[in-house]
Amino acid sequence: MSSANTSHASTDGSIPFMGVSPVKLGMWLFLASEVMFFTGLLGSFIVLKFAHPEVFHEEAGHLNWQLAAFNTVVLISSSLTMALAVAASEKKDHRAVARNVLITLLLAVLFLVIKSFEYYAKVEHGILPSTSLFFGAYFTLTGCHGLHIIAGVIVLFRMWRKAARGQSNYESMELVGLYWHFVDLVWIFLFPLLYLL
């Protein structure tokens, strides 16, 4: 490889594509596929909702919107602490990275705990995915989102351990931040669509 090409290589030796590292480009492509996935699910729900407005409105009344609103605040707060972690990583402030990633992780776990209580209450009242079209869609949408939160929790735990040892990496933190903001954004669409409208 010529010296002209190596000067444009990133720290891991890879060559950026149009100024974007291959790892970041891969993350953007992954997020684009996730956007299409959730767009399909949300689009299907909206079509069903317009086809059966009275039924969907009545069944949405069985949801606990206050609990979901609190969970929304929890998730938005975690997005803030994630942004702080990324900013601290850029400054190589490993202690601040570890602190903010840990808070993000705890908020994510809190979100899952609250959601599990909500699921438990539904099952206690005999409400399952097979109960109706609305609840089939509800469990599918929130379940897929919950799986993305669980994946994020696993990654956040690993990032916290690295940061606690003073090994946080800005590019890695930035990628995790992109993923986490996407997960938060999906919930911001899910909350009003399922609980309020």
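Residues numbered from 1 in each chain as written. Predicted model: local features only at pLDDT ≥ 70, side-chain atom pairs only at ≥ 80, totals over all residues. Heavy atoms only, no water.

Draft legend 1. Seen up close, the pattern of salt bridges. As enumerated under the stated definition, the model contains two salt bridges in all. A salt bridge links E174 to K24, with the shortest nitrogen-to-oxygen separation between them at 3.0 Å. Here the residue E174 occupies a position in helix α7 (residues 170-196), and K24 occupies one in helix α2 (residues 22-51), the gap between them amounting to 150 residues. Accessibility expressed as a relative area gives 21% for K24, which makes it partly exposed. (Salt bridge = Lys/Arg side-chain N within 4 Å of Asp/Glu carboxyl O. Helix = DSSP H or I, 4+ residues; strand = E, 2+ residues; numbered from the N terminus. Buried < 20%, exposed > 50% of the residue type's maximum accessible area, 1.4 Å probe, protein only.)

Draft legend 2. Molecular detail of the nonpolar core. Counting 50 residues, the largest nonpolar core has F45, M82, F134, Y138, I149, W187 and Y195 as the members making the most contacts within it. Those elements giving two or more residues to this core turn out to be α2, α3 (53-60), α4 (65-90), α5 (94-124), α6 (133-164) and α7. Examining the composition of this core, we find that 14 residues originate from one element, α7, more than from any other. Apart from the residues within four sequence positions on either side, I149 is in contact with L75, A108, F111, L112, W180 and V183. (Core = buried A, V, L, I, M, F, W, Y, C linked by side-chain atoms within 4.5 Å. Contact = heavy atoms within 4.5 Å.)

Draft legend 3. A look at the environment of G146. As for its placement among the helices and strands, G146 is situated in helix α6. Look at G146 and you get buried, because its relative accessible area is 12%. For the pair G146 and L112, spaced 34 residues apart in sequence, the C-alpha to C-alpha distance is 7.1 Å.

Draft legend 4. Quick look at the packing of α2 against α6. Running from N to C, α2 and α6 point in directions that differ by 160 degrees, and their axes come no closer than 10 Å. The angle between the axes of α2 and α6 places the two elements in the roughly antiparallel class. Here α2 and α6 pass one another in a crossing that is left-handed. Contact residues: α2 offers E34, F37, F38, L41, L42, F45 and L48, while α6 offers L133, F134, A137, T140, L141, C144, H145 and H148. Of the residues that constitute the contact of α2 with α6, the class distribution is eleven nonpolar, three polar and one charged. (Axes fitted to C-alpha atoms, helices over the stretch in contact; angles between N-to-C directions. Parallel < 35°, antiparallel > 145°, perpendicular 65-115°, else oblique. Left-handed = near helix turned anticlockwise from the far one by under 90°. Nonpolar A, V, L, I, M, F, W, Y, C, P; charged D, E, K, R; others polar.)

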